[in-house]
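Geometric and topological summary
The residues making up each chain are set out below.
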Amino acid sequence: MKYYCKQIPVVMIILIFTLHVPNGNTLDYQNKEIRYYQSNDIGMKIKDILEKDAPSYEFVLTVEKSVDLEERKLYSDNEIIKQWKISFYNNNVIREKREYDGNSLINLTYYDRRSRLTEEHFYSENRFYRKTIYSYREDQKLDQTKTFDSKGLLIYQEFYEFNKQGMLRRVKRLWNDGTVHISSFKYGKGRLIEDVFSTND
């Protein structure tokens, strides 16, 4: 069976292309310092603000940095609604990132010294329920992933193929029951124009 979709979120494709965190994480100072920003519901830095002006904004992000750790807290109505705790290698490349919904851990990610995502853990109400492990080819492109449940049992594997231009061509998902799902991507003038999904069901 095949299903055709001519428009899909390109951002998701871009994430699959890279699956890494940019290297622009230079720390500007050694001692801990809290900075305040006007923000939005996803924690973006919109503009610098003073602490005394924080109550005037619907969303406020605080950022506290040290040499190897960064803590971000997103406030709304003076309550923490999201948090991020990020640790770094000694060259300021991200090593580990923890994301919280309020005070509950929901996501834990690990990176190597090349800024590549290597492992991702998922939580619900602070309870671990799934993890995905990423592996890469010699040319640094994503090769495959393996996703396991909380007991370490394999749920599915995904295999990634790229065209000569380095763009994602196909993702094959193999479930542990033998079911196969395939997503194929077509491009025109460097832009995604079609996504084709097929299954062996």
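Residues numbered from 1 in each chain as written. Predicted model: local features only at pLDDT ≥ 70, side-chain atom pairs only at ≥ 80, totals over all residues. Heavy atoms only, no water.

**Section: the overall build of the protein chain**
If you tally the helices and strands in the protein chain, you get one helix and 15 strands. When the 201 residues of the protein chain are sorted by exposure, 37% land in the buried category. The contacts in the protein chain between residues at least 6 apart in sequence include a share of 23% that link residues at least 24 apart. For the protein chain, the accessible surface area stands at approximately 12,900 Å², while carbon and sulfur atoms represent 48% of it. (Helix = DSSP H or I, 4+ residues; strand = E, 2+ residues; numbered from the N terminus. Buried < 20%, exposed > 50% of the residue type's maximum accessible area, 1.4 Å probe, protein only. Contact = heavy atoms within 4.5 Å. Areas by Shrake-Rupley, 256 points an atom, 1.4 Å probe, with all protein chains shown as cover.)

**A word on the pattern of salt bridges**
Counted by the stated rule, this structure contains eleven salt bridges. We note a salt bridge from R98 to E96, for which the minimum N-O separation is 2.7 Å. Where R169 meets E161, a salt bridge forms, and the shortest distance between an N and an O atom there is 2.3 Å. On the basis of relative accessibility, which here comes to 39%, the residue R169 falls in the partly exposed class. (Salt bridge = Lys/Arg side-chain N within 4 Å of Asp/Glu carboxyl O.)

**Remarks on the environment of L168**
Note on placement: L168 falls in strand β13 (residues 168-175). Taking the C-alpha atoms as reference, L168 lies 9.6 Å from K141; in sequence the two are 27 residues apart.

**Observations regarding the confidence of the model for the protein chain**
Confidence in the prediction for the protein chain averages 86 pLDDT; 84% of positions are at 70 or higher. Below a pLDDT of 50 lies the segment residues 1-30, which in the model reaches 57 contacts outside its immediate sequence neighbourhood of four places, other chains included. (pLDDT = per-residue confidence, 0-100.)

**Re the side chain of H121**
Among the secondary structure elements, H121 is positioned in strand β9 (residues 117-124). Within the structure, the side chain of H121 is placed 2.7 Å from the side chain of E119, a separation counted as a polar contact. Once residues lying within four places of it in the same chain are set aside, the contact partners of H121 are I106, N107, L108, Y110, F128, R130 and K131. (Polar contact = N/O pair within 3.5 Å; in protein donor to acceptor, adjacent residues only side chain to side chain.)

**Let's talk about the pairing of strand β8 (residues 104-111)**
With six bridges connecting them, strand β7 (residues 94-101) and β8 associate as antiparallel partners. Within β8, the residue paired with R98 across the bridge is L108. Here β7 folds back onto β8 in antiparallel fashion, the turn holding two residues, of which G102 has a positive phi close to 70°. By the bridge criterion, five bridges tie β8 to β9 in an arrangement that is antiparallel. Paired with N107 across the strands is F122, a residue of β9. Here β8 folds back onto β9 in antiparallel fashion, the turn holding five residues, of which S115 has a positive phi close to 70°. (Pairing = 2+ DSSP bridges.)

**Some points on the nonpolar core**
In this structure, Y160 and L168 are the most contacted members of the largest nonpolar core, which totals 15 residues. For this core, the secondary-structure elements that each account for two or more residues are β6 (79-88), β10 (127-136), β12 (154-162), β13 and β14 (180-188). Counting six residues, the second-largest nonpolar core is a separate cluster that includes Y37, F59, L74 and W84. (Core = buried A, V, L, I, M, F, W, Y, C linked by side-chain atoms within 4.5 Å.)

**Observations regarding unusual backbone geometry**
A positive phi angle, near 55°, is found at D77, a position not held by glycine. Mapped onto the secondary structure, D77 falls in the loop between β5 (69-76) and β6. At N78, a residue that is not glycine, the phi angle is positive and equals roughly 65°. Following the sequence through the fold, N78 ends up in the loop between β5 and β6. Residue class for N78 comes out exposed when judged on its relative accessible area of 71%.

**Things to note about the side chain of S87**
Note that S87 resides in strand β6. Judged by relative accessible area, S87 falls into the buried class, the value being 12%.

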